[in-house]
Every structure is written in C-alpha cells, then in structure tokens.
Amino acid sequence: TLGYVDDDNYFEGMDRVRNLLVGTPKLLLAAVDTGLEPRFQFLHNEIEFSLEELQRLYEKNPKLLMYSLDENMREKIVFFFILRLHIEVENVRKILLCFPQIMDYNLDNHLKPIADYYISDLRFSATEFGSIVTRFPRLFSYSLFKIKHVTGFLRFELGLDATQVKRVIFQAPQIVGLNTEGTLQQKLDLLQTRLSLTREELGLVLSKMPTLMNLGIKSNLLPKLEYLEKVAKKTNHSDDVVKRMVLKQPTLLGYSLENRIRPRMEKIISAGLSADKVTVGISMAEHKFQDWLASSQLRKQRQRQVDIQKNVRNTSRSKMAYLHELLDLNKTEVRTFLSVMPGLKCVRSTKLFEKKVAYFKTELQNVTSATKAILMQRPTLLQSSIKQGWEPRMQQIRAAEIEDLQNVTELFVMSDEEFQ
C-alpha cells in the first residue's frame, strides 16, 4: 500500500521497510484494516499527501502510523491547525514534512497553551499565529516557560513596547529559541558596543529588523560591520556614520556582504556619492538601482554647478559690499564697476581682494577719492599681482619723485605703453 517495495527498487525498498520496523517495532502489533490503513487514507486522501511524501513522513516519524485517528491526528490537524489557526491544507503538509515531530506533542497540555499565550496575551490573531507556525513549526519544540522568558526579555530587558515585541516575534519567530544569556545577548552586545547604541536605539534596530538575531556573529554580522567601518574611514566620514546607516536602514545588515553590500557600495563611491547613500540604494532591484545611481550622479553634478555659481555670486557680492563701504561707491558706480569688470568674479580670495584695495589706499595716503578714481577707471588692476604688476610701477613713480596724487592717479591708470 505504501509503495516502499516494487520491482524497480526492491532491495532499497526493503531496507527502508526494515529501518521503519526496527525503529518502531510496535508497528507490527498495529491492526491494518482498523489502524494503519485508515491513518494512511486520512493523510493521503483528506490532507492530500502524495505517496512519496508519506513515505518520507513516516520514515521521519513512524509514530504517525500509531496515533489514534479520531482522538489525535484529526483533532490536531483538522480542528487545531486548519479550523482554529486557519492554516491552509497545503501549509499543513509543509509543516508536517518539515517537522513531523509536531504531532508528538500533547494537544491540551502543550499545543493549545502556547497558542492561547500568543493569541490572548501577545494579541496575535489566530491567522497571524497560524502564519508563525507555518514559518517556524519548531516553535512547539520549546516550552511555554521558555517562550515567556524570551518575550519578557524583549519587553523588560530591552525596553520594547508591546507592539515592538509583537513585531519581533512575528517577523523572527526563531528568536524564542535563542539563549537570552548567550547567543541573543552576544548579538545585542555586538550591535550596542560596536555602534555605540543606546538602549532605546538598540530596541529600535531590533524591532525594525528582528531577523538580525538569526544571523551569526563571526560569519555574518561582524564582517559586515567591519566592512562598513573600513569604508567610512577610507571615505573620511565621521565616526558615527555606520551607526547612522544602521539606524536609518537596519535591513542593511540583513543583505549579503559579497553579493549585495560590497558591490553596491563600490558603485556608489565610484559615482562620487556619499557612502551613506547605500541606505537608499541597497534595497532596490538592480535595474532601479542603476537608474537611481545615474540620476543621483546627475543631480550631484548639477548641484555642484549651482554651488559654484552661488559661491561666485556671494563672493562677488561680498567684494562689492567691501568696495561700497571702503570707497563709498553708489549703486550706479557699483553697476558700472561690474559692467567693466566681469573678471571680478575670477578673484577668488576675498582676503587677497581686500589686501589689494588696502594697498592702494596706503600708497595713496589713505585718500579714498584717489583710490576710487584709480579703480573706477581701471578696475582690471584688481586682477593684477601686487608684486609683479603694481609694485614695479609704484617704485618708478617714487623714483621720479612724483608726489601729487592727481598725477599719481593719472600715471597709474595708464596702459603700460603710455606709462613708459
């Protein structure tokens, strides 16, 4: 009936039957027509297991051929899993194939109390708890005491509120199996010390990305943190940039280092973007990431041009304000100065600019009108070097013993050919 033995796999099939009977010799005492056959037909016809699936199922847990159909199997599978927890028949098959020992636990003393705790105390709906069981059927391998202990740790040791605890347990139901003083605590300590997280920040990271607690320390979490710290240092970011990355996007640490984090980070840095932009691009599909990278690079280039132009305008305005204050230029004179002196924008250093204006005032005996006359008639002098352009001419004027400011002014605004 079970199809273990046929003409094509006689010897292999006999070995499987032998192992089944040796492992559970009581099977030889079970009635076929009233025991083995009805249990087989229930799983095969009502729960829709295939023959191959039943063979694997019985080899994993031969006791399934021994349990009472009406008082055990039907009560657990139909009334508990399907009707109470709203688990689809297809998912019931997945649960049993994944963890067939789930049928070994007492319904009233173990399965139902755990379900009641999740539904009544933690406020999960029956459907939500059914989803948890589907994804992690080994939940029932832990005692209710253990489950409550881990829940209490999340609630009171980490300071998570009820909603956050519910989120953690729903997204990472495996967390109830971790040792609160061992594995779980070590992972939390790593995140807290490495990232300098407060208790509240640590709780926030865990509530947003509970599955981080399912990752190994040496094989997963630590290499990712070390890589991000290395990149931050290499790109001259502040010491807390990795912390800010994780707080902004805790899922970052859930991606593969070699297949996702490193390739994305390298492309982001090559594009001239800040390393912390990885929090934006990490979750995108590859084609969307490439589009985002190109558009971000273009925006950065445009912003750089805007900043340059803005800086030039601000620098130009500051220089003109200085001229207005020092030389008492009116608005018309300022506009005239700008119209004949577009090169003013090329004088990048404000301090050097002011030094040049101050030089004229000193040489012209602090007479503002003389300085103003020279610069208004020949504003391009502000683009000339003091030592190479102005000083030689001033030395020649002094050597000629010309002291009259009017003459000095006229000599200074001449072209080189006229001056000679």
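Refer to the structure above for everything that follows.
Note that this is a predicted model, so its numbers are computed, not measured. (Residues numbered from 1 in each chain as written. Predicted model: local features only at pLDDT ≥ 70, side-chain atom pairs only at ≥ 80, totals over all residues. Heavy atoms only, no water.)

Asker: Could you clarify how one ought to interpret the nonpolar core in this entry?
Answerer: Across soluble globular proteins, nonpolar side chains show a tendency to be buried alongside one another. In terms of nonpolar packing, the biggest core is built from 94 residues, with Leu 43, Phe 81, Tyr 118, Leu 139 and Leu 154 touching the most fellow members. Discounting residues that sit within four places of it in the chain, Leu 139 has contacts with Ile 114, Tyr 118, Phe 129, Ile 132, Val 133, Ile 147 and Val 176. (Core = buried A, V, L, I, M, F, W, Y, C linked by side-chain atoms within 4.5 Å. Buried < 20%, exposed > 50% of the residue type's maximum accessible area, 1.4 Å probe, protein only. Contact = heavy atoms within 4.5 Å.)

Asker: So what exactly am I meant to see when it comes to the environment of Thr 134 here?
Answerer: Relative to the helices and strands, Thr 134 is located in helix α7 (residues 126-135). Spatially, the C-alpha atoms of Thr 134 and Lys 94 are 7.6 Å apart, while their sequence positions differ by 40 residues. Beyond its immediate stretch of four places on either side in the chain, Thr 134 contacts Ile 87, Asn 91 and Ile 95. Here Gly 130 takes part through its backbone oxygen, which lies 2.8 Å from a polar atom of the side chain of Thr 134. (Helix = DSSP H or I, 4+ residues; strand = E, 2+ residues; numbered from the N terminus. Polar contact = N/O pair within 3.5 Å; in protein donor to acceptor, adjacent residues only side chain to side chain.)

Asker: What exactly am I supposed to notice about the packing of helix α4 (residues 69-84) against helix α5 (residues 89-98) here?
Answerer: The packing of two helices is summarised by the inter-axis angle and the distance between the axes. In contact at an axis separation of 10 Å, α4 and α5 are set at 115° when each is read in the N-to-C sense. In terms of their interaxial angle, α4 and α5 are classed as roughly perpendicular. Seen from above, α4 lies across α5 with right-handed handedness. Packed against α4, whose contacting residues are Ile 77, Phe 81 and Ile 82, the element α5 presents Val 89, Val 92 and Leu 96 at the interface. (Axes fitted to C-alpha atoms, helices over the stretch in contact; angles between N-to-C directions. Parallel < 35°, antiparallel > 145°, perpendicular 65-115°, else oblique. Left-handed = near helix turned anticlockwise from the far one by under 90°.)

Asker: Looking at this structure, I do not really get the packing of helix α12 (residues 217-234) against helix α14 (residues 257-270). What am I missing?
Answerer: At a minimum axis distance of 11 Å, the contact between α12 and α14 shows a crossing angle of 10°. In terms of axis orientation, α12 runs roughly parallel to α14. Touching Pro 223, Lys 224, Tyr 227, Leu 228 and Val 231 of α12 are Leu 257, Ile 261, Arg 262, Met 265, Glu 266 and Ile 269, all from α14. Taken together, the residues that form the contact of α12 with α14 break down as eight nonpolar, no polar and three charged. (Nonpolar A, V, L, I, M, F, W, Y, C, P; charged D, E, K, R; others polar.)

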